[in-house]
Amino acid sequence: MAMVEVRNLKKHFPVKRTFIDAMLGKPQLYVKAVDGVSFDIEEGEVLGLVGESGSGKTTTGRLILRLIEATEGSVKIAGKDVYAMSKEEIRRFRKEIQIIFQDPLAALNPYMKVGDAIMHPLKIHNIGSSDKERKRMVYRMLERVNLTPPDEFYMRYPKELSGGQRQRVVIARALITRPKFVVADEAVAMLDVSIRSQLLKLMLDLKNEFNITMLFITHDLATTKYICDRIAVMYLGKIVEVGTFHHIYENPKHPYTQALISAVPEPDPKKKKKKIIPQGEVPNPINPPSGCRFHPRCYKVMDICSKKEPHFVEVEDEHKVSCFLYEK
Amino acid sequence: MLKIEDLKIHYESKKGLVKAVDRVSFEVGEQETVGLVGESGSGKSTLGFGILKILPKTARVSGKILLNNDDLVPKTEKEMQKIRGKEISMIFQDPMTSLNPIMKVKDHFLETIKTHIPGIKEEKAVEMTENALKAVGINPSRMNEYPFQFSGGMRQRVMIALALVLNPKLVIADEPTTSLDVIVQAQILEVLKNLKKEFKMSMILITHDLGVVAEMADKIAVMYAGHMVEFAENEKIYYEPKHPYTKALLESIPNTDINDLTLKYIPGSPPDLADPPKGCRFAPRCPFAKDICFEKEPPVFEVEGSKVKCWLYKGDENGDG
Amino acid sequence: MVQDKFMSYKLASTLKELFGSSTGIITFIGLIILLFYVFLAAFAPYLAPYDPTKSVGLSLSPPDHKHPFGTDNLGRDVLSRVIYGARIALVIAFLSVAVAAAIGVPLGLISGYIGGILDRILTLIMDAIYSFPGLILAIAIAALLGPGIFNIAISIAVVYAPTYFRVIRSQVTSIKNELYVEGARAIGAKRSTILLKYVLPNVLPSVVVVLSMNLADAIMTEAGLSFLGLGIAPPTPDWGFDLSNGRRFILSRAWWALLYPGLAIITVVLGFSMFSEGLNEFLNPTVREKR
């Protein structure tokens, strides 16, 4: 049984309409941020969820943790149905499921000391017999994420730390309850290159040490190869391709995946890649294109693409793509 | 065309004097693109803004900024206003905040044109606007729209058109694609590449992304903690990096090569510019640091056509600093 | 802007224009004045030369070396009454501000965080009170409750509670969308914990600012109430009451019975306003977080 099972997950945000529009009987519009997403993550596996802004990848992460309520679909983590739980049950279950946010400064309470912030999950879930023991656990965690000396960092406020150090605090807070499943939402996107790799290394080490299952959400394909076992590519609320990173890098099937990979600027001036750059930008998710959502920008578009929605086809072992080019 | 000599930009702050840019020299030739690469806090943006002297009041600038042998450092604000937009223009990172939300796109252009060419006929100015918008791939009929009606990528195109409308000799682009998605970024880079040829202009491209400059720049300057640690031809930087920081930076950027799976990184973090290390500013993080690196700031050595600010190359060539 | 409700805010802005942007000096002068009155109030029995409620000289005798501020119509020493008056003014000011905050802050927190119907109803009530002219509302409540220190404090508190409510509520509605609040939910914190540990500390600076501005206005309102005879029962020394009492003898050229209580009110209000302006600049997040 997979650690995380996501089935047909949907989130449609209602668009605010004015009172007059409602009176005139204009229909309620919805932003279809996530529109039928399904995947499994095995225990100890890291699944990369890659997409541009507006693809719905961040919303997917929050839906899985039930930080926002889904419109439809189900999520099972460690065999437990997250959407069947009561508010109190899910609150207790948060010990096992955690999130690492993109912006560590915004994710930390500016009026709470670093040590207190990391200790708070322990207090909430009654881990450790006394404050003294909890403090020892926090010290150990601070040392583990390389915030040393721990007694000094314990007393600091988030404002007094650098971006990289703050993200280490967020990681420490997320991992101190030893969760089984962690969502990393663009966890290294805001950091500088030299710091980004440090943090990736730390996350990779901690993931192996604590045997964490992870959903690694990112817009940057290049960072996924170090940490992800498999990659899912998302476009306009739907997953278009899933495979191991070898599949995605060496043999991308979906035209969107191909475009995404070819658009990454390489730090290698002689390696002139053949670029497939689609025209225009991601369309409005209130009224997504019919059929395959990528068809208006696709360089291999066929008649059928605008008429019917493609299904997933297994092109090779563990490599699935949702595109009519591969449907027989 | 643009020659910068021994430029220093220091700020007064509560913590003391912040040496944001310290003794930097480089030049930009006709129709040449120089990539200015560094992490946040390296001083790359300060340097870019400093060339146009768009700096806070607490900044102190010394050294020389020679634009066709005309020094910009002693110029007054009024004289600078004539240069900005006309001779040198700038493309900013965030087009939403640098465009006035309540002004039509057209009015942004007309204002810029009229400031620099007083008494220009309205039709002529509109025609210039149309041409600039066409050049960046925007339908000129959209000029009566407001900035918010454009998508992120389109807004950045508007910014680029606005920077080019007066046909400047030099464009400074400060992280022009950082806030954009990869595919849109690739589109914008394509636009910039074509315009460079079409308008025959020089460019300074400021970015943190060594991937972006690889395709765009002729020469690359690598900044670290206010110092320019290396300045060389594009391919020299990528294939024969000299400075240990350049080497480490290149190794730590993720690429799409699937055989290269080791995660390399630079330990430690950049120094506080109010209290930088005494010698070489990279010394505390440098695997090759020697005693002298911690004591004396290295001069710039010229090694095989690259300019390197590092003591490792002392024997190879005579320093000029 | 909610602060516009406070006269002290307008006063301080005018002052700032006068002095330029030297907020530091304004704050310092304000603090000195404030400390001076606190000192007067605390040590009134030792500082006042006479018992403020007893006749100790001739009726309406002009200032001289025995009575530096003169005496009032009942022969009471004006200086002593001004010194003792600081007690009533400050006690009522602090008490009413405390009550106003105790009503406004929790309601604002709950209303802003929970939202929905509860929020609508509370906002409606608070807005109704807020739109009432302050002094008139205070008069109505004071008349209803009758004299007495605590009653006066309550009638003033009702006037200012909506200000706390509005400031807190608007802050909470924006703070509850902050990532650190979602972060707190993600680690499994209860609603009450989030409210107390993550939301409250972040609105507290604005509470302090409103509090300090409120003090000056509370003193004014209290003086207004007792000027109209709705305040503390005589013979307790009270600036507002003395002001209205002295006014009756202005035609007898007894200016001292009117001037000194009036001056006391003006300086203390000025002091509080100046001090709150400084605090505002220092603590107000909108000013502070501009980098």
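Residues numbered from 1 in each chain as written. Chains lettered and ligands numbered in written order. Predicted model: local features only at pLDDT ≥ 70, side-chain atom pairs only at ≥ 80, totals over all residues. Heavy atoms only, no water.

K.L.:
Lay out the overall build of chain C in plain terms, naming residues and giving numbers.
P.N.:
Tallying secondary structure elements over chain C gives twelve helices and zero strands in all. Reading chain C from its N end, one meets helices and strands in the order α-α-α-α-α-α-α-α-α-α-α-α. Residues counted as buried form 52% of the 291 residues belonging to chain C. Pairs at least 24 apart in sequence give 73% of the contacts found in chain C among residues at least 6 apart. (Helix = DSSP H or I, 4+ residues; strand = E, 2+ residues; numbered from the N terminus. Buried < 20%, exposed > 50% of the residue type's maximum accessible area, 1.4 Å probe, protein only. Contact = heavy atoms within 4.5 Å.)

K.L.:
Give me the lowdown on the overall build of chain A, citing residues and values where you can.
P.N.:
A count of helical and extended segments in chain A gives twelve helices and twelve strands. Taken over the C-alpha atoms alone, chain A extends approximately 70 × 60 × 40 Å along its principal axes. The buried share among the 328 residues of chain A stands at 57%. Residue pairs in contact within chain A that sit at least 24 positions apart in sequence constitute 65% of those at least 6 positions apart. For chain A, the computed accessible surface area is about 14,000 Å², with 50% contributed by carbon and sulfur atoms. Taken together, the 52 basic and 41 acidic charged side chains of chain A have centroids lying 3 Å from each other. (Areas by Shrake-Rupley, 256 points an atom, 1.4 Å probe, with all protein chains shown as cover. Lys, Arg positive; Asp, Glu negative; His and termini not counted. Charge placed at Lys NZ, Arg CZ, Asp CG, Glu CD.)

K.L.:
Residue-level account of the packing of aromatic side chains, with values.
P.N.:
Evaluated as defined, the whole model comprises 19 aromatic pairs over all chains. A ring pair is formed by Tyr146(B) and Phe148(B), whose centres lie 6.3 Å apart and whose planes are at 15°; its orientation type is stacked. Assessed through its relative accessible area of 29%, Tyr146(B) is described here as partly exposed. On the basis of an interplanar angle of 50° and a centroid distance of 6.3 Å, the ring pair of Trp255(C) and Tyr260(C) is categorised as tilted. (Phe/Tyr/Trp six-rings, centres within 6.5 Å; stacked < 30°, edge-to-face > 60°.)

K.L.:
Let's hear about the interface of chain A and chain B: which residues, and what values?
P.N.:
Residue-level contacts link 38 residues of chain A with 45 residues of chain B. Of the roughly 3,800 Å² buried between chain A and chain B on both sides combined, carbon and sulfur atoms contribute 61%. Summed over the shared surface of chain A and chain B, the result is one salt bridge. When the shortest N-O distance is used, the salt bridge between Lys270(A) and Glu235(B) registers 3.9 Å. At the junction of chain A and chain B, the tally comes to 14 residue pairs in polar contact (both at pLDDT 80 or more). (Buried area = accessible area lost by both parts, 1.4 Å probe. Salt bridge = Lys/Arg side-chain N within 4 Å of Asp/Glu carboxyl O. Polar contact = N/O pair within 3.5 Å; in protein donor to acceptor, adjacent residues only side chain to side chain.)

K.L.:
Before we move on, could you go through the nonpolar core and cite the residues and values that matter?
P.N.:
Judged by nonpolar contacts, the single largest core of 177 residues is most densely connected at Ile64(A), Phe181(A), Met203(A) and Leu215(A). The dominant element in this core, judged by the number of residues it contributes, is helix H4 (residues 78-114) of chain C, at 17 residues. If near-sequence neighbours (up to four positions away) are discounted, Ile64(A) is found in contact with Val4(A), Val6(A), Leu9(A), Phe39(A), Val75(A), Ile77(A), Val82(A), Phe181(A) and Leu215(A). Of all hydrophobic cores here, the second largest spans 108 residues; its members include Ile91(B), Val171(B), Leu192(B) and Leu195(B). (Core = buried A, V, L, I, M, F, W, Y, C linked by side-chain atoms within 4.5 Å.)

K.L.:
I'd like a description of the arrangement of the chains, backed by residues and values.
P.N.:
Here two pairs of chains are in contact, and chains A and B lead that list by number of contacts. Over all C-alpha pairs, chain B and chain C never come within contact, reaching a minimum spacing of 12 Å.

K.L.:
Which residues make up the sheet that holds strand E8 (residues 213-218) of chain A, and what are the values?
P.N.:
All names here are of chain A. Spatially, E6-E7-E8-E3-E9-E10-E12-E11 is the arrangement adopted by the eight strands of the open sheet, whose pairing is mixed. A single partner strand is all that each edge strand has here, and the edge strands are strand E6 (97-100) and strand E11 (312-316). Across this sheet, the average inter-strand angle for adjacent strands is 20°, counted without regard to direction. Along the sheet, helix H9 (residues 193-210) contacts strand E3 (46-50), E6, strand E7 (181-185) and E8; its crossing angle with E8, the most-contacted strand, is approximately 160°. (Pairing = 2+ DSSP bridges. Axes fitted to C-alpha atoms, helices over the stretch in contact; angles between N-to-C directions.)

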